[in-house]
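Residues per chain, in single letters:
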Amino acid sequence: MDKPGDMHQNGSGVIKRPELLTYLCIISFIGSGLAALSNLFIFLSFDEMVNLKDEMTFDLPEFDLMMSGGKRFFLTGFIFYSLSLYGAIYMWKLRKIGFHLYTVAQIFILILPVVMIPTYPFSWLSILVTAAFVLAYGVHLKVMK
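Presented here is a report on the structure given in the accompanying data block. Predicted model, so just to flag it, every value in this text is computed and none were measured.

The next thing to look at is the overall build of the protein. For the protein, the helix and strand inventory stands at six helices and two strands. Dimensions of the protein, computed from the C-alpha atoms along their principal axes, are close to 60 × 30 × 20 Å. Taking as baseline every contact in the protein between residues at least 6 positions apart, the subset at least 24 positions apart corresponds to 68%. Carbon and sulfur atoms make up 70% of the accessible area of the protein, which totals about 8,800 Å². A gap of 21 Å separates the mean positions of the 11 positive and 10 negative side-chain charges of the protein.

Pasting the structure below:
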């Protein structure tokens, strides 16, 4: 595995990946990768999870809220988080297309629960964190091809 600041071929020559870009990508690999896997798992086991919840005697309002989006919510989440992960992989390789994939995916990830779960609370914190990552990645566009 590459170390922070390792060199990468980028068309016209060798370019050093900035250390901050390396750390941002690693965080995105972890976050987007885990979110994609969890969304895929829930999509594949959705019916079993609903049945299990029906058999429980205690109340889980957050679970009920998320499950109200249906199987399509989790399949769509899997697709968008996977796209976000691919974007981070391309940015790791210093490719600008990665920034665009990541940014589009993150916008759709923000919109997804609001559209598919009508009672989902709007999260300003999610918008701020997403904006911070997009801006931090955007600063590195000059080193990407």
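Moving on to a nonpolar patch on the surface. A cluster of nonpolar side chains, namely Val104, Ile107, Phe108, Ile111 and Val115, defines an oily patch on the protein surface of about 430 Å² accessible area. In this structure, Phe108 sits in helix H5 (residues 96-116). The class of Phe108 is partly exposed, set by a relative accessible area of 39%.

Another aspect to go through is unusual backbone geometry. The backbone phi angle of Leu94 is positive, close to 65°, even though this residue is not glycine. Summarising the element assignment, Leu94 is placed in the loop between helix H4 (70-92) and H5. Using a relative accessible area of 0% as the deciding quantity, one classes Leu94 as buried.

Tallying each qualifying case throughout the model produces seven aromatic pairs. Considering the side-chain rings of Phe73 and Phe74, the 5.0 Å spacing of their centres and the 85° angle between planes classify their relative orientation as edge-to-face. Ring centres of Phe80 and Phe108 lie 5.1 Å apart, and the angle between their planes is 15°; on these two criteria the pair is classed as stacked. In this pair, Phe80 sits in helix H4 while Phe108 sits in helix H5, placing the two residues 28 residues apart along the sequence. Residue class for Phe80 comes out buried when judged on its relative accessible area of 17%. Connected via pairs of aromatic rings, a cluster forms that spans Phe46, Phe73 and Phe74. In this structure, Arg17 packs its charged tip against the face of Trp92, placed 3.7 Å from the ring centre.

Taking 1.5 Å per residue, 26 residues should reach 38 Å; helix H1 (residues 19-44) reaches 37 Å between its end C-alpha atoms and fits that length. Looking at the packing, one finds that the buried side of H1 touches helix H2 (46-55), helix H3 (61-67), H4, H5 and helix H6 (124-138).

For Lys53, the position within the fold is in helix H2. In contact with Lys53, other than residues within four places in its own chain, are Phe58, Asp59, Leu60, Phe63 and Asp64.

Thresholds, definitions, all that
- Residues numbered from 1 in each chain as written.
- Predicted model: local features only at pLDDT ≥ 70, side-chain atom pairs only at ≥ 80, totals over all residues.
- Heavy atoms only, no water.
- Helix = DSSP H or I, 4+ residues; strand = E, 2+ residues; numbered from the N terminus.
- Contact = heavy atoms within 4.5 Å.
- Areas by Shrake-Rupley, 256 points an atom, 1.4 Å probe, with all protein chains shown as cover.
- Lys, Arg positive; Asp, Glu negative; His and termini not counted.
- Charge placed at Lys NZ, Arg CZ, Asp CG, Glu CD.
- Patch = residues over 30% accessible without salt bridge, like charges linked within 9 Å, V, L, I, M, F, W, Y side chains within 5 Å.
- Salt bridge = Lys/Arg side-chain N within 4 Å of Asp/Glu carboxyl O.
- Buried < 20%, exposed > 50% of the residue type's maximum accessible area, 1.4 Å probe, protein only.
- Phe/Tyr/Trp six-rings, centres within 6.5 Å; stacked < 30°, edge-to-face > 60°.
- Lys NZ or Arg CZ within 6 Å of the ring centre and 35° of its normal.
- Expected span 1.5 Å × (residues − 1).

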